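Below are the chains, spelled out letter by letter.
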Amino acid sequence: MRAIPGAARAYILCTALFATLCVLPALRPGRPSPVPWAAVVLLAALYAFCEMPARYRLHFPGRGLGGSVPVAAGSFFPVLLAAAFLLPPSAAALVAVPGAVLGRVEQRPRGARRTWRAAQLAVATWAAARAHLLFGGPVALGGGGYGLAAPDFPYVLLPAGAAALTFCLVLAALDGGILVTAERLSARTAWRGLLPRSLASHGAHGLAGLMMAVLWRSPYGPLSALFVLLPMYISCWVFAQYHRERAAHQATIRALVQAVDIKDKYTRGHSERVGRASVMIAHELGMERERLEVLRFAGILHDVGKLGVPTRVLRKEGPLTPEERRVIELHPEYGHEMVRGIGFLGEARSAILHHHERLDGTGYPYGLVGRQIPEFARVVAVADAFDAMTSTRSYRRARPVRTAVAELERCAGSQFDPEMVRALVRALDRHGWQTAVTADDTNAARNIAAGAAASDLAADPEAETGAAAETGPAPEADPRGSVPPPARSTTAGRTPRGGTR
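In this numbering scheme, every chain counts its residues from 1 along its sequence in written order. Totals for whole chains, interfaces and linings use every residue, but because this is a predicted model, local features are given only for residues with pLDDT of at least 70 and side-chain atom pairs only at 80 or more, for both listing and counting. Excluded from the side-chain calculation are hydrogens and water; included are all heavy atoms of the structure.

J.: Just to check I follow, could you spell out the overall build of the protein for this structure?
T.: Put simply, DSSP marks the helices as runs of H or I at least four residues long and the strands as runs of E at least two long, and each gets a number from the N terminus on. Secondary structure summary: the protein contains 23 helices and four strands in total. A 1.4 Å probe rolled over the protein chains alone gives each residue an accessible area, and that area as a share of the maximum for its type sets the label: buried under 20%, exposed over 50%, partly exposed in between. For the protein, with 501 residues in total, the buried portion stands at 51%. The contact criterion used is simple: two residues touch if any of their non-hydrogen atoms lie within 4.5 Å. The contacts in the protein between residues at least 6 apart in sequence include a share of 73% that link residues at least 24 apart. Using the Shrake-Rupley algorithm and a 1.4 Å probe, accessible areas are obtained, with residue cover drawn only from the displayed protein chains. A total of about 22200 Å² of accessible surface is found on the protein, and carbon and sulfur atoms cover 62% of it.

J.: Please explain helix 13 (residues 289–301) as it appears in this structure.
T.: Since the α-helix turns once every 3.6 residues, residues separated by three or four places project in the same direction. The span you would expect from a helix comes to 1.5 Å times its residue count less one. The end-to-end C-alpha distance of helix 13, which contains 13 residues, comes to 19 Å, matching closely the 18 Å that a straight helix rising 1.5 Å per residue would cover. Burial in helix 13 covers these residues: Leu-292, Val-294, Leu-295, Phe-297, Ala-298, Gly-299, Ile-300 and Leu-301.

J.: Looking at this structure, I do not really get helix 1 (residues 6–27). What am I missing?
T.: Helix length check: helix 1, at 22 residues, gives a terminal C-alpha distance of 31 Å against a target of 32 Å (1.5 Å per residue), a fit within 8%. Looking at helix 1, one finds that the buried residues are Ala-8, Ile-12, Thr-15, Ala-16, Ala-19, Cys-22, Val-23 and Ala-26.

J.: I'm lost on a nonpolar patch on the surface in this one. Help?
T.: A patch consists of residues whose relative accessible area exceeds 30% and which take part in no salt bridge; residues with like charges are grouped when within 9 Å of each other, and nonpolar side chains (Val, Leu, Ile, Met, Phe, Trp, Tyr) when within 5 Å. Whenever a carboxyl oxygen of Asp or Glu lies within 4 Å of a side-chain nitrogen of Lys or Arg, that contact is scored as a salt bridge. A contiguous nonpolar patch, built from Leu-17, Phe-18, Leu-21, Leu-24, Leu-27 and Trp-37 and spanning about 600 Å² of accessible area, is present on the exposed surface. In terms of residues, the nonpolar patch owes the most to one element, helix 1, which gives five residues. The residue Leu-27 is located in helix 1 in this model.

J.: Before we go on, may I ask you to explain the packing of helix 12 (residues 270–285) against helix 20 (residues 418–431) in this structure?
T.: In a packed pair of helices, the relevant descriptors are the angle between the two axes and the axis-to-axis distance. Lines fitted to the C-alpha atoms define the axes, with helices restricted to the stretch that makes contact. Angles between their N-to-C directions range from 0 to 180 degrees. The geometry of helix 12 relative to helix 20 is characterised by a closest axis approach of 8 Å and an angle of 100° between their N-to-C directions. The angle between helix 12 and helix 20 falls in the class roughly perpendicular. Residue-level inspection shows Met-280, Ile-281, Glu-284 and Leu-285 of helix 12 in contact with helix 20, the latter providing Glu-419, Met-420, Ala-423, Leu-424, Arg-426, Ala-427, Leu-428, Arg-430 and His-431. Note that the term roughly parallel is reserved for angles under 35 degrees, roughly antiparallel for angles over 145, roughly perpendicular for angles of 65 to 115, and oblique for everything else.

J.: Could you clarify how one ought to interpret the pattern of salt bridges in this entry?
T.: Any two side chains of opposite charge can pair if their charged atoms end up close together. Here the structure, examined in full by the defined rule, presents 15 salt bridges. Linking Arg-426 and Glu-284 is a salt bridge whose minimum nitrogen-to-oxygen distance equals 3.5 Å. Residue Arg-426 is found in helix 20, and its partner Glu-284 is found in helix 12; the two are separated by 142 residues along the sequence. Judged by relative accessible area, Arg-426 falls into the partly exposed class, the value being 35%. The buried category is assigned to Glu-284, whose relative accessible area is 12%.

J.: Looking at this structure, how should I read the packing of aromatic side chains?
T.: By convention here, two paired aromatic rings are described through the distance between centres and the angle between planes. Planes of paired rings set the category: under 30 degrees apart is stacked, over 60 is edge-to-face and the rest tilted, where pairs are Phe, Tyr or Trp rings (Trp by its six-membered ring) whose centres lie within 6.5 Å. Here the structure, examined in full by the defined rule, presents five aromatic pairs. Between the aromatic rings of Phe-18 and Trp-126, the centroid separation amounts to 5.8 Å while the plane-to-plane angle is 90°, which identifies the pairing as edge-to-face. Of the two residues, Phe-18 sits in helix 1 while Trp-126 sits in helix 5 (residues 110–134), which places them 108 residues apart along the sequence. For Phe-18, a relative accessible area of 39% puts it in the partly exposed group. Ring plane angle 75° and centroid distance 5.8 Å describe the contact between Phe-297 and Phe-344, whose orientation is recorded as edge-to-face.

Listed below in structure tokens is the structure:
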């Protein structure tokens, strides 16, 4: 657990301790009512068996790109809810433990993550069983002694719904807590949308779990309840197809980024870091999770239009001529044309086209002003400028993070959206930033030592502006560094060609 922050470690341990207290009554000898151990073992084994596909990836050979796809976590929650309907609370909590321990864990430390998952599900199942008991669930399901009897419809739906809602609430509350302690998100950001996103799915899980419980207690016995699992496996298959499509999207993005890195080698790694910084900003803004992945794509692909720029211009180590600068300034439009037919990119396409616009209307390619610039483009512009300044290039050394932040704040309101700049500053305070060398080390050392950075800066028109003369160069010293060039009055009146105004 060394890789986990101390607050998250304490949170996990407290949750595990509470889960232990939840299951202890079932293990205590001489408890008032006997535990139906046969049902406990069967349901625990069933849930563990269902979670095995999530531990070992499903393979679909001979289809498209090939590869493997993980089963959706939570696809078999109906088994846990059926346990909450059929068993006493402490016994129901035990059902979740084997499957949670055997479930697939993608990241390290796996032991801590399995402990967290087992404790979380045990507590949620225990709470659901308590809610079911509180609303008279055992009686409505067919007698108060967990025996065989006909369920009382429709009254059985009330305790079942209360149990499913409690299960959903507890999982959302615990998930938000781990995001606050482990990811260091604000409470508002961590819990934002967790409950609404999971309410519908857990409601469906509750109905499936109730069906399992009714069949389990029917004259046909526990085997009849297995028929309910067929829709669960179908839902897993559907999820697997979705995940396969998402993996194909990722492969498309990787191929485009690799092509840019190969062509523009002195900014290698820049695109990935811009995507990461963009997501950091979005987290601070409280952006919906559904948009985060698209925004990450926008950051990663913002410079894909450089594939249409001549390599000799991108790799030129001296000052750019006005004609070469104009060629490079076409890369947002090139990029937009390249990705406009890729439907899954959504809002990312507008960021690729407009990430060099400025709030004062002097950016390019269309001279948009203020809120005319799409939100994604305003986020990527700040992330792009920040990484360009904090990375060593062939024509200048990296600036310290503090200096880069000061430059962004100085240009906020004219070049960058102040809200996005403030969000980046908050994210850096929370998570920090690891600077990187993106240029070829040998060439960078030779060029900097020879004064290439100074000559490039002297040739940069932005250094001639009044603000630059007073406070030093603005964030960009070369348009190849992926930060907007100096203000220009010739673009303000241009009409967009296929862009977003």
